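What the coordinates show
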Amino acid sequence: MSSELVISLVTRPDVSKPRWDQKTFEGRLRHFYSTVNPLNILISSKGLETSRNVISNYKKGVVCPSLTVDQLWRHKQIYDSAFHPETGEKMFILGRMSAQVPCNMIITGGLLTFYKNPRGVFFWHWLNQSFNANVNYANRSGENAITMKELMCAYLGATTGALTVALGLNQVVGKFPPLVGRLVPFAAIAVANAINIPLMRYKEFTDGITLEDETGRAVGKSTSVAKYAIAEVVLSRVGMALPYMVLTPVIMNQIVKTLWYQRRPWTAAPIQTVLAGLGLLISTPFCCALFPQKKSVEVAKLDPEARAQIEAVQNPPKVVYYNKGL
């Protein structure tokens, strides 16, 4: 913690980068915890505008004399949680990263409670993929930004995949222990992620991910790194679902055997919603931090097309960097 005045510093903080070292897991974990903090969603419009003005003025060299280092970084975290990083526009509240935990805990509670009911399965998986599509659209950005048509294809593909797996497995798990049936929603979510993310980012397979040198200069594109980047994102998303989509059913499977629950069966939804929320608070920042968002790769290990592009620029680097995405 630092209560130093920003205006008194010789070297001032660089708010174009995260506060903590992103080369370490701890630094990435602290960064993502501050980004997905659900308390950020409670900040008023006035508070959001105040943070935007502070950060905007700071980038222009205008610093309030009483602004401390901690206050500056807090304004930066608030700004990042609500405003688009490229356009600067305020994002729809349910599309913000700070809405991930509260929204997903409600959706997960529904998925785990009504996993046997065909109508419930359809509604909650549809709602889950609709929410995911909203988040993806609100956070769309960059050179490979998707169009509305591409977004709808990914949305329909993920929804169809999740429903097919959920309804199909429900037909065959009847002879298995009850716990197996409770794990069906997790299998459906995993399949949906494996469909949704590659479809959302298919342009990176065909056009490549932009490669930069240490100074941020674009030196080429690579399709080979896209395979690793998207695979890591899929693993992170599936891993993110493990604590609340697997541990919650395991715990609930024991709770339903108790006399207390048998007298209060109506508590199934609230219990599973709370358990999902606790799991999300841990798994969301943890799995976002598993892999560095900005990755490096030796030019010699790239595909021939990418190497040729890089070698054609002035002072070609031996190591390049790319944004893995989330």
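Residues numbered from 1 in each chain as written. Predicted model: local features only at pLDDT ≥ 70, side-chain atom pairs only at ≥ 80, totals over all residues. Heavy atoms only, no water.

With an unreviewed UniProt entry as reference, the protein chain is termed Sidoreflexin, source organism Steinernema hermaphroditum. As recorded by UniProt, the Subcellular location (unreviewed entry) comment attached to the protein chain reads in full: "Mitochondrion membrane". (UniProt positions renumbered as here; feature names shortened; annotations may be inferred.)

1. Structural notes on the UniProt feature "transmembrane region" (unreviewed entry) in the protein chain
The UniProt entry lists residues 153–173, 179–199, 229–251 and 271–291 under the feature "transmembrane region" (unreviewed entry), expressed in the numbering used here. Taken as a whole, residues 153–173 contains 95% helix and 0% strand, while its terminal C-alpha atoms sit 30 Å from one another. Across residues 179–199, helical content stands at 95% and strand content at 0%; the span's end C-alpha atoms are separated by 32 Å. (Helix = DSSP H or I, 4+ residues; strand = E, 2+ residues; numbered from the N terminus.)

2. Some words on the pairing of strand S1 (residues 209–212)
Note: S1 against strand S2 (residues 218–222), four bridges, orientation antiparallel. Directly across from Leu211, in S2, lies its bridge partner Gly220. In sequence, S1 turns back onto S2 through a hairpin of five residues, with Gly216 there showing a positive phi of about 90 degrees. (Pairing = 2+ DSSP bridges.)

3. What to know about the state of the cysteines
In the structure shown here, the tally under the stated rule is zero disulfides. Cysteine Cys287 shares no disulfide, and the gap to the nearest cysteine sulfur, in Cys288, comes to 7.5 Å. (Disulfide = S-S within 2.5 Å.)

4. Points about the packing of helix H6 (residues 148–172) against helix H8 (residues 184–200)
Closest axis-to-axis distance for the H6/H8 pair is 8 Å, and the angle between their directions is 160 degrees. In terms of orientation, H6 and H8 fall into the roughly antiparallel class. Crossing handedness for the pair H6 and H8: right-handed. Between H6, through Leu151, Cys153, Ala154, Tyr155, Gly157, Ala158, Gly161, Ala162, Val165, Ala166, Leu169 and Asn170, and H8, the contact on the second element is made entirely by Val184, Ala187, Ala188, Val191, Ala192, Ile195, Asn196, Leu199 and Met200. Each residue belonging to the contact of H6 with H8 can be placed in one class, and the counts come to 17 nonpolar, four polar and no charged. (Axes fitted to C-alpha atoms, helices over the stretch in contact; angles between N-to-C directions. Parallel < 35°, antiparallel > 145°, perpendicular 65-115°, else oblique. Left-handed = near helix turned anticlockwise from the far one by under 90°. Contact = heavy atoms within 4.5 Å. Nonpolar A, V, L, I, M, F, W, Y, C, P; charged D, E, K, R; others polar.)

5. Focus on the packing of aromatic side chains
Taken as a whole and judged by the stated rule, the model has five aromatic pairs. A centroid spacing of 5.1 Å and a plane angle of 80 degrees characterise the contact between Phe123 and Trp124, whose relative ring orientation is edge-to-face. A relative accessible area of 16% places Trp124 in the buried class. Within the aromatic cluster, the residues linked to one another by ring pairs are Phe114, Phe123, Trp124 and Trp126. The cationic tip of Lys294 hangs over the ring face of Tyr321; the distance from NZ or CZ to the ring centre is 5.6 Å. (Phe/Tyr/Trp six-rings, centres within 6.5 Å; stacked < 30°, edge-to-face > 60°. Buried < 20%, exposed > 50% of the residue type's maximum accessible area, 1.4 Å probe, protein only. Lys NZ or Arg CZ within 6 Å of the ring centre and 35° of its normal.)

6. So, the side chain of Asn37
Along the chain, Asn37 falls in the loop between helix H1 (25–36) and helix H2 (45–59). Of note is the side chain of Asn37, whose polar atom sits 3.0 Å from the backbone nitrogen of Leu39. (Polar contact = N/O pair within 3.5 Å; in protein donor to acceptor, adjacent residues only side chain to side chain.)

7. Examining a nonpolar patch on the surface
A cluster of nonpolar side chains, contributed by Phe25, Val274, Leu278, Leu281, Ile282, Phe286 and Leu290, occupies part of the molecular surface with about 610 Å² of accessible area. If one sorts the elements of the nonpolar patch by residue count, helix H12 (residues 268–288) sits on top with five residues. The residue Phe286 is located in helix H12 in this model. Given the relative accessible area of 38%, Phe286 is considered partly exposed. (Patch = residues over 30% accessible without salt bridge, like charges linked within 9 Å, V, L, I, M, F, W, Y side chains within 5 Å. Areas by Shrake-Rupley, 256 points an atom, 1.4 Å probe, with all protein chains shown as cover. Salt bridge = Lys/Arg side-chain N within 4 Å of Asp/Glu carboxyl O.)

8. Brief notes about H1
Between its terminal C-alpha atoms H1 stretches 16 Å, which fits the 16 Å expected from twelve residues at 1.5 Å a residue. Three or more residues of H1 are buried, namely Gly27, Arg28, His31, Phe32, Ser34, Thr35 and Val36. In the core, the buried residues of H1 are packed alongside helix H3 (69–82), helix H4 (100–113) and H12. (Expected span 1.5 Å × (residues − 1).)

9. Describing the pattern of salt bridges
Two side chains that carry opposite charge are able to pair once their charged atoms sit near each other. One pass over the structure, following the stated rule, counts five salt bridges. Close ionic contact of Arg19 with Asp70 constitutes a salt bridge, the shortest N to O distance being 2.7 Å. Of this pair, Arg19 sits in the segment before H1 while Asp70 sits in helix H3, placing them 51 residues apart in sequence. Put simply, Lys295 and Glu232 hold a salt bridge, and the shortest N to O gap is 2.8 Å. With Lys295 in strand S3 (residues 294–298) and Glu232 in helix H10 (residues 224–255), the pair connects residues that are 63 residues apart, well separated along the chain.

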